[in-house]
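An overview of the molecular structure
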There are 2 protein chains.
Amino acid sequence: MTTIPLPAGLVPGEGQFTFTSGTPLTADPALSRAAAWLRGTLLPATGLQLPEGTGGVEIRRVEGLGPEEYRLTATADSVLIEATGPAGAFYGAQTLRQLLDPAAFRAGRTGERVWSVPAVRVADAPRYGWRGCLIDVARHFLPKNDLLRYIDLLAAHKLNVLHLHLTDDQGWRLEIRKYPRLTEVGAWRRESPVGSIVHRTFDGRPHGGYYTQDDIREIVAYAADRFVTVVPEVDLPGHTQAAIAAYPELGNLATPLDVRTEWGVGQNVLNVSDETIAFFTDVLDEVLELFPGEYVCVGGDEVPKTQWNESVPAKERIRELGLRDADELQTWFMRHFTDYLLARGRRPLAWDELMEGGLPEGVTVAAWRGGKCAALAARSGHEVVVSPFAETYLDFRQAEGGGEPVPIGSVTSLNAVHAFDPVPGGLTEEERGRVLGAQAALWTEHIDSPRLLDYMAFPRLAAFAEAVWSGERDFEDFLGRLAVHEKRLDALGVEYRPAAGPHPWQRRPDAPGNPRSRAEIDGKLAAWTANLRF
Amino acid sequence: MTTIPLPAGLVPGEGQFTFTSGTPLTADPALSRAAAWLRGTLLPATGLQLPEGTGGVEIRRVEGLGPEEYRLTATADSVLIEATGPAGAFYGAQTLRQLLDPAAFRAGRTGERVWSVPAVRVADAPRYGWRGCLIDVARHFLPKNDLLRYIDLLAAHKLNVLHLHLTDDQGWRLEIRKYPRLTEVGAWRRESPVGSIVHRTFDGRPHGGYYTQDDIREIVAYAADRFVTVVPEVDLPGHTQAAIAAYPELGNLATPLDVRTEWGVGQNVLNVSDETIAFFTDVLDEVLELFPGEYVCVGGDEVPKTQWNESVPAKERIRELGLRDADELQTWFMRHFTDYLLARGRRPLAWDELMEGGLPEGVTVAAWRGGKCAALAARSGHEVVVSPFAETYLDFRQAEGGGEPVPIGSVTSLNAVHAFDPVPGGLTEEERGRVLGAQAALWTEHIDSPRLLDYMAFPRLAAFAEAVWSGERDFEDFLGRLAVHEKRLDALGVEYRPAAGPHPWQRRPDAPGNPRSRAEIDGKLAAWTANLRF
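The sections below set out a description of the structure shown in this document.

The rules behind the values
- Sequence order sets the numbering: in each chain, residues are counted from 1 along the sequence as written.
- Each chain gets a letter, beginning with A, and each ligand a number, beginning with 1, in the order they are written.
- Local features are withheld for residues below a pLDDT of 70 in this predicted model, meaning they are given only at 70 or higher, and side-chain atom pairs are given and counted only at 80 or more; totals for whole chains, interfaces and linings count all residues.
- The basis for every side-chain value is the complete set of non-hydrogen atoms in the structure, without hydrogens or water.
- Points on a 1 Å grid, built from protein atoms alone, make a cavity when a 1.4 Å probe fits but cannot get out and make a pocket when they are open with protein on both sides within 12 Å along at least 5 of 7 lines; residues with an atom within 4 Å of a point are the lining residues.
- Grid points are joined across faces, edges and corners, and a volume is the space filled by probe spheres set on the points.
- Helix numbering and strand numbering both begin at the N terminus, where a helix is a DSSP run of H or I of at least 4 residues and a strand a DSSP run of E of at least 2.
- Under this grouping Gly is polar, as are all residues other than the nonpolar Ala, Val, Leu, Ile, Met, Phe, Trp, Tyr, Cys and Pro and the charged Asp, Glu, Lys and Arg.
- Think of it in three bands: residues with accessible area under 20% of the maximum for their type are buried, residues over 50% are exposed, and the middle band is partly exposed, with areas taken using a 1.4 Å probe on protein chains only.
- Contacts are residue-level and defined by heavy atoms, with any inter-residue pair within 4.5 Å sufficient.
- Every case where a carboxyl oxygen of Asp or Glu lies within 4 Å of a side-chain nitrogen of Lys or Arg is listed as a salt bridge.
- Pairs of N or O atoms within 3.5 Å make up the polar contacts considered here, provided that, within protein, one atom can donate a hydrogen while the other can accept it, and that residues adjacent in sequence are counted only when both atoms are side-chain atoms.
- Least squares is the method used to superpose the copies, on C-alpha atoms of residues holding a pLDDT of at least 70 in both.
- Paired strands, in this sense, are two strands between which DSSP finds at least two bridges.
- Here, axes are lines fitted to C-alpha atoms. For helices the fit covers the stretch in contact, and angles between N-to-C directions go from 0 to 180 degrees.
- By convention a crossover is right-handed if, when the strands point away from the viewer, the path from the first strand over the helix to the second runs clockwise.
- We call two directions roughly parallel when the angle between them is under 35 degrees, roughly antiparallel when it is over 145, roughly perpendicular when it lies between 65 and 115, and oblique otherwise.

All names here are of chain B. In this structure, the second largest pocket occupies an estimated 930 Å³ of space. The wall of the second largest pocket is formed by 36 residues, among which Gly-264, Val-265, Glu-302, Lys-524 and Trp-528 lie closest to the centre. For the lining of the second largest pocket, the secondary structure elements donating two or more residues are strand S18 (408-409) and helix H18 (518-529). The element contributing the most residues to the lining of the second largest pocket is H18, with three residues. For the lining of the second largest pocket, a count of residues per class yields 15 nonpolar, nine polar and 12 charged.

We now examine unusual backbone geometry. Negative phi is the rule for most residues except glycine; trans is the rule for most peptide bonds. Look at the link from Leu-236 of chain A to Pro-237 of chain A: it is a cis peptide, with omega at -20 degrees. Mapping Pro-237 of chain A onto the fold places it in the loop between strand S13 (229-236) and helix H6 (241-246). Here the phi dihedral of His-239 of chain A falls at roughly 55 degrees; this positive angle occurs in a residue that is not glycine. We classify His-239 of chain A as buried; its relative accessible area is 4%. At Leu-50 of chain B, a position not held by glycine, the phi torsion is positive, near 50 degrees. Turning to its location among the elements, Leu-50 of chain B is positioned in the loop between helix H1 (32-46) and strand S3 (57-61).

On the side of chain B, 44 residues touch chain A, which itself brings 44 residues to the contact. Joining chain A to chain B, the criterion identifies eight salt bridges. Across the pair Asp-215 of chain B and Arg-106 of chain A runs a salt bridge whose closest N-O atoms are separated by 2.8 Å. At the boundary of chain A and chain B, one finds 16 residue pairs in polar contact (both at pLDDT 80 or more). The set of elements that each furnish at least two residues to the side of chain A that touches chain B consists of helix H3 (144-156), strand S12 (207-208), helix H5 (213-225), helix H15 (450-457) and helix H17 (475-491) of chain A. Take the side of chain A that touches chain B: its biggest share by element is seven residues, from H5 of chain A.

Attention shifts here to the relation of the copies chain A and chain B. Once chain A is rotated about the relating axis by 180 degrees and shifted along it by 0.0 Å, it coincides with chain B to within an RMSD of 0.0 Å. The transformation relating the two chain copies, once decomposed into turn and shift, fits a two-fold axis. Identified as the residue of chain A closest to the rotation axis by C-alpha distance is Gly-40 of chain A, at 3.4 Å. When the interface residues of chain A are mapped onto chain B, 100% of them again lie at the interface, so the same face is used by both copies.

By the criterion of burial, H15 of chain A is predominantly enclosed, with seven of the eight residues buried. Every buried residue of H15 of chain A is listed here: Arg-451, Leu-452, Leu-453, Asp-454, Tyr-455, Met-456 and Ala-457 of chain A.

Residue and element names in this part refer to chain B. Strands sit in the order S1-S6-S4-S5-S3-S2 across an open sheet of six strands; the sheet is mixed. Edge strands, defined here as strands with exactly one partner in the open sheet, are strand S1 (9-18) and strand S2 (25-27). Put simply, the sheet's adjacent strands are angled 20 degrees from each other on average, direction ignored. Across seven bridges, the pairing between S1 and strand S6 (residues 116-124) is antiparallel. Across the sheet, residue Thr-18 finds its bridge partner in S6, namely Ser-116. Against the sheet, helix H2 (residues 86-99) engages S3, strand S4 (70-74), strand S5 (79-83) and S6, with an angle of about 35 degrees to S4.

Turning next to the pairing of S3 of chain B. All names here are of chain B. As paired strands, S2 and S3 are joined by three bridges and run parallel to one another. Within the sheet, the bridge partner assigned to Ala-27 lies in S3 and is Ile-59. Handedness of the crossover joining S2 and S3 through H1 is recorded here as left-handed.

All names here are of chain B. Counting through the fold element by element, Ala-74 comes out in strand S4. Residues Ala-74 and Val-283 lie 209 residues apart in sequence; the distance between their C-alpha atoms is 50 Å. Residues in contact with Ala-74, not counting those within four places in the same chain, are Val-79, Val-117, Pro-118, Ala-119 and Val-120.

We now examine the sheet that holds strand S8 (residues 161-165) of chain B. All names here are of chain B. The sheet built from eight strands closes into a barrel, its strands ordered S7-S8-S13-S14-S15-S16-S17-S19 with parallel pairing. With strand direction ignored, the average angle separating the axes of adjacent strands in the sheet is 25 degrees. As defined by bridge partners, strand S14 (residues 295-299) adjoins strand S15 (residues 347-351) across three bridges and the pair is classed as parallel. Directly across from Cys-297, in S15, lies its bridge partner Leu-349.

It is worth spelling out the packing of H5 of chain A against helix H7 (residues 274-290) of chain A at this point. All names here are of chain A. H7 packs onto H5 with a crossing angle of 40 degrees between their chain directions and a minimal axis gap of 10 Å. Viewed along their axes, H5 and H7 adopt a mutual orientation that is oblique. Contact residues: H5 offers Gln-213, Ile-216, Arg-217 and Val-220, while H7 offers Glu-286, Glu-289 and Leu-290. For the contact of H5 with H7, the class distribution of residues is three nonpolar, one polar and three charged.

Structure follows, in structure tokens:
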């Protein structure tokens, strides 16, 4: 058994079930999506029609399992998937596909083959309800079809949240009907840095693109068909230079800005006027139309306070409202949007920097700055999604040595991702219960193509999936299963990082990075979080 | 009716056929692939299940139509597709999809919608049996999934040949079991030029990638499911520097070569030794295993004779064999492979330069150097596939002015592609019958990403499809239909060239081109073909 993530419970049996051209498939009507997915996926690769009928594969509804839980029983005579909810049935079907030859993951037949699965009893359910991956489509736009492909890849690894980082200084990727300049102006930049920004080299090549509202509806529906919820992020009030370039009245400066062409934290943030709040309320109105999921991320990360500390209107706001400082002004500003979301039955998600000025009620914290932030948020009664950057930021390099493309941050090895435990130490059981789960993050400053995205994401995202689904900790066992799983990735056309290091064409000698040691990263983290008030 | 390509015959009716969630679909077993494709394509976008049953959509087998011919009759009560062969039924299904709202081209639902098609009678068949597109995956590798997507795009435009240019000086993209260094060494180059090679600027970024044999099997099967035949090209004896870099003994020099990093015609060609002939016979053995289609392209284009004219072994061959010159030596060399293919029931395809030393028996000519070459080949009794570079090379710029990305060649406007007529003037009816059809060509020196490939391919490939399928010449009418067709392309995520010119992010100020006038191109052509002997 080489499935990834490893199922919670697994008992090998004797013999195998062999599919024939006439093997029937039947499903409870409530679980029919799993059957439709299985038919649609397996037919091109295997030629198996799986016609309606009994006596072959059955997807049966049972009472009492969790929404994502399933059982799979394969004998020499039949395959039975049991689930209470459609997501559980879908994950059972995903496991069944992994029990077949890796060629089942292709989009076309590769020769005559006996399609069989080993006899087995699987009883499986996830450790965490939030098993996510952030994709930054702002720094480098990911065309719609590539994003749809990533949704398939997430689902194949039993991940269920796609956090879509749609807006940033370097690009605004979401059509907003009321404010067309957000994409007309904000969806492209003049050029991009080559390698780390410390080298001050630029490519002179414009970069851009955006999703139309119909694209988003399609993406959301496609994801929902695969039990992936799309969590949109409109990052406020920092990381907004693309929006300010489109509508200069949103900023603090008299002179217009370009869409940012540098990486790193920019000084340009939104002003705190009523008009700016109204503008982004309009934006969120359209976001809520498009994204039916419960959670909406409003950012709140990396907001330099320089402009507010120097801005007369910002200083007046602070005085009028009796606030202590610009940190609290940020919380005041953000509360408009978190309250707005709560009033509409949504749950606001925000990055942990928002703790610096006090967390608004009802905010779920996306804790990226290590376990301390996650623990603080959970202790203060907030839900937490953890995404510690030293362990789950997949833009960080995968190994030491000069071969990795655009090395930044510390080394986030496959082993470290596999060993990742979402729950920080020292929490009570109640506090631990507030940790919804975790997400990996694919920030794309240095990931300028879908091919490089594959390289940075895999195989680490497979290890991450195991950490959040099964919490299995046997790395050697994982590596053994990974050897087969890589054949599945090959079949899916995923250009993962080979264990021996990058293919020559995956290297970036043209784009030097800025690698750091883990001690440097930890030091940075300690400094950032030293002043957290609770 | 806004279908592209325009059907040969079309009579609008009264009213429309509206699909409901229970609309049944039935198909003659011999035509079931069209039904499976329709179900699989429409379900995610529309939610329509199209269950088995009578009284809704029927795909009926009739006698006497051509293999790609179909009739489609939609009334208020039913939709009937009639065909004799599965390809015809498939094209009927493709037309049916175009009769629906463009949202039917998406991979997910975009809201509640009434799905209906206008009442109509269509009687349709293609003008040419060879309706192709060459994609050069050697200069820039196109990852497997992107290639599969292109196969869908070809099929959506009723194109039926994918000419896969797999090997060239700058990269070898096909795994050959017997000669692993072809991909270990030959599948990547150190860097690529930025813009036209005349500017002598390089990017310092390695580029590479290749298809495994299973990838190729998958691609071929995926294409066959959509009635697209993949014609592989292994380009001989020029355009072989990547192979020579991997196996220096294939070349004429004492010193080893790198995989070429410059564009343009290189001097390094294969030597004419028995060992080299044996090597490529081995290569073709594996090619024939992988590609079941009738036609196999063995290149024969742009072979500088400098090295042969200076090489002692080549000069000895010429003398031994009593040949006139190096042109005839090339024909002698190529005849090994064309005879090899003919002996195995295949049809060799070769570029028209092979005429310079005399065309071997049984060669089908890929005529890229204008109508003169096509006419000469047809007159000499050879089959011809035309692909005149000034009209069908889609790497040439789409408009005058500085905005087009990496402008090269002359302007190949949408209008010119739409007006393209495959058959050169002055042929007898018998000679005209030897023109199998035509293909557009996406050479990728300056197309370094799937996004730019979209830009260069579309909408011109839609115009090309109309030229070879329907031969419709009313450009204004085409433009009217294109306005709707662009919404289909939007739904498919195709980043086509907007009529008003490139989006800012589709420009390449970093990569200056080398634009020529049509007069310069025509002059070049005349000089090249002045000495053709027949």
